[in-house]
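Fold and geometry: a report
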Amino acid sequence: MSPPRGTVSGALGQIKQGYQIAAVLTGWRIQPDEAGGAWRLTATVQAASAFYLTQPDLVFVVVHKTGAWRWPVGSWEQRGTSFTAQLGTLQE
Amino acid sequence: MSIRMRRQATDRLPLSQGDSLLVKRHLTAGEYREMLRASMKPIPVTSGAAATVELDPIAASEALVLAYLLDWTFADADGRPLVIADQPPAAVRAVLAAIDGDAYLEVQRAIQDHQAATAAALAAEKKTATGAATPDRILASVE
C-alpha cells in the first residue's frame, strides 16, 4: 500500500517496544505538528503497559492489508485515556 | 544481584515446503500467565462444591501457539501473504483457524519442540550459572 500523506486517522493502532505491545490505541489521528517537521499522534488508550511504555525505542504501528506502517515515537504523554506523542519519519 | 529479565530475542523455525515461523525465544512472566489462563476452562459448579478450572487441551495448544508466534511465511490460496505480524491476537487466532489442519498441526509441533528445547537450554544454563548440585552430588551427600 502507498504510504499515508497529510493527516491520517484510523480505528486501531499499537505502540510497540520490540515485539511487545506497550499500548493499544483506538481512534488515532496523525497530523503535521504546528511547528512543522514532526508529526503529532493523538489517540485514546485502551490498554497500556506501565513498564513497556517507559522503555526506549517505542514504535507506533498501524496494520494495513499487506503489512504495517511504523513510526518511531519520540516524546509522549498520557493523561487518563488521552494519549499524545511526537512521531518520527515513517518506516516501511 | 542477578539478571532476571531477558532481552527480546526471536528464533526462526523451519517447516516443510520451505516455510518457516518467527517465534519468541522466551516468554515473559506475563505472557506465561496469559498462556496458562487461556489454557483453562471452568468446571461447572455442583451444589456445595467450590468453583474450579481444568486444563483444556485444545485451548492449551492454541494458547501455546499464540504466545510464541510472531510471523510466518504462509500464503493464501492465491499466493498472497497471510499477514499475522503486528496483528491483534483475535486476528491471528482467526487466521490460525482458517489454515489447513495439517499446517496448524505442523505449527503446533514446531512450537512445542521449540518450547522444549528452550526449556532444556534454560535448565542447562542455570546449572552452569549457579553450580547447582547434580543428582549424583545430592545422592553422595545423603550417603
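Residues numbered from 1 in each chain as written. Chains lettered and ligands numbered in written order. Predicted model: local features only at pLDDT ≥ 70, side-chain atom pairs only at ≥ 80, totals over all residues.

Side chains that are nonpolar tend, in soluble globular proteins, to be buried together. Judged by nonpolar contacts, the single largest core of 17 residues is most densely connected at Ile15, Leu25, Leu41, Phe60 and Val73 of chain A. Those elements giving two or more residues to this core turn out to be strand 2 (20–32), strand 3 (39–48), strand 4 (58–64), strand 5 (67–79) and strand 6 (82–87) of chain A. Sorting elements by how many residues they give to this core places strand 2 of chain A first, with five residues. Discounting residues that sit within four places of it in the chain, phenylalanine 60 of chain A has contacts with Gly13, Ile15, Leu41, Trp71, Val73, Ala85 and Leu87 of chain A. Listed in part, the twelve residues of the second largest apolar core include Leu13, Val23, Val92 and Ala110 of chain B. (Core = buried A, V, L, I, M, F, W, Y, C linked by C-beta atoms within 7 Å. Buried ≥ 20, exposed ≤ 12 C-beta atoms within 10 Å, placed from the backbone. Helix = DSSP H or I, 4+ residues; strand = E, 2+ residues; numbered from the N terminus. Contact = placed C-beta atoms within 7 Å.)

All names here are of chain B. Ordered in space as 1-2-5, the three strands form an open sheet in which the pairing is antiparallel. The outermost strands of the open sheet, each flanked by one partner alone, are strand 1 (10–14) and strand 5 (69–72). Each strand of the sheet is rotated relative to its neighbour by a mean of 25 degrees, with strand direction disregarded. As paired strands, strand 1 and strand 2 (residues 20–24) are joined by five bridges and run antiparallel to one another. Of the residues in strand 2, the one forming a bridge with aspartate 11 is valine 23. (Pairing = 2+ DSSP bridges. Axes fitted to C-alpha atoms, helices over the stretch in contact; angles between N-to-C directions.)

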